[in-house]
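# Architecture and fold: a report
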Amino acid sequence: MGRLLTRTQIQRLVAKHGRDVIEHDHMQIERCCYQHGNVTTFAHSVRVACLAVWLADRAHLWHRVDLRSLIRAALLHDYFLYDWHDWDNGEHRWHGFTHGHAALRNALRDFTLNDIERDSIEKHMFPMTPVPPAYIEGYLVTLADKISATRETFSRGRFHKKALPARAPLPEIGAGARRCR
């Protein structure tokens, strides 16, 4: 059995293979919105990417997984670019069922995605959405998302939210999207 990746090695892989996503201007919107508890959507997405790599490593799936696609899909799985907690006259009422498609739509606008990334982003909410992922990367993103969301939602820190940076409108991506100043 080979050596397992350390936390630092995993973080470096995510930074290397996800650099274009992490550094994109629209990812700043994710830094301004809470996702679960006191965790921003950006931090959640990075956690999901790191955990998905950890799961692939611990399950010895490197011969079956496209690492770059896994990381990019994990970073973009919640790229819906709005704060679903904000009151919007009920438009986000079905967020849990619809945000995978919204994330894919936004990701396709901002990035060139392969089939693995597209499928993994759109289907990461399985079983809340009826069609399961078609690739192992999609299952890893789905599992990492569920584990991270559960941990974040039930953490003790969820009651201690710090103020997030102010947000300003970003008209080029839609009226509902905002970015940090």
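Here, the structure is the one placed above.
The model shown is predicted, which means the values in this text are computed figures rather than measured ones.

Conventions adopted
- Going along each chain's sequence as written, the residues are numbered from 1 onward.
- In keeping with the predicted nature of the model, local features appear solely for residues at pLDDT of at least 70, side-chain atom pairs appear and are counted solely at 80 or more, and the whole-chain, interface and lining totals rest on all residues.
- Values reported for side chains reflect all heavy atoms of the structure, with hydrogen atoms and water molecules removed beforehand.
- Working definition: helices are DSSP H or I runs of at least four residues, strands are E runs of at least two. Numbering for both runs from the N terminus.
- Buried, partly exposed and exposed residues are distinguished by accessible area as a fraction of the type maximum, computed with a 1.4 Å probe on protein chains only: under 20%, between the cut-offs, and over 50%, respectively.
- Residues are treated as being in contact if the distance between any of their heavy atoms lies within 4.5 Å.
- The term nonpolar core refers to a set of buried residues drawn from Ala, Val, Leu, Ile, Met, Phe, Trp, Tyr and Cys, joined through side-chain atoms within 4.5 Å.
- Throughout this description, a polar contact denotes any pair of N or O atoms lying within 3.5 Å of each other; where both atoms belong to protein, one of them has to be capable of donating a hydrogen while the other can accept it, and for residues adjacent in sequence the pair is counted only when both atoms sit in side chains.

### Digging into unusual backbone geometry
Geometrically, the link from Phe 126 to Pro 127 is a cis peptide bond, its omega value of 10° lying close to zero. By secondary structure assignment, the location of Pro 127 is in the loop between α7 (115-122) and α8 (136-153). Not every positive phi belongs to a glycine, and His 60 is a case in point at roughly 55°. Within the fold, His 60 resides in the loop between α4 (41-58) and α5 (67-76).

### Overview of the environment of Ala 74
You can see Ala 74 is positioned in helix α5. Relative accessible area serves as the criterion here: at 0%, Ala 74 is assigned to the buried category. When near neighbours in sequence (up to four residues on either side) are disregarded, Ala 74 contacts Ser 45, Val 48, Ala 49 and Val 141.

### Observations concerning the nonpolar core
Counting residues in each nonpolar core, the largest one holds 33 residues, and the members touching the most others are Val 14, Leu 70, Leu 76, Ile 121 and Leu 140. Contributions of two or more residues to this core are made by α1 (7-17), α2 (19-22), α4, α5, α6 (95-110) and α8. Beyond its immediate sequence surroundings of up to four residues, Leu 70 is in contact with Ala 52, Val 53, Ala 56, Val 65, Glu 137, Leu 140 and Val 141.

### Regarding α5
Residues spaced three or four apart along an α-helix face the same direction, because each turn holds 3.6 residues. In terms of residue burial, α5 counts as a mostly covered element, since 9 of its 10 residues are buried. Where α5 begins, the capping side chain belongs to Asp 66, and its oxygen is found 3.2 Å from the backbone nitrogen of Arg 68.

Honestly, it's all geometry; don't read function into it.
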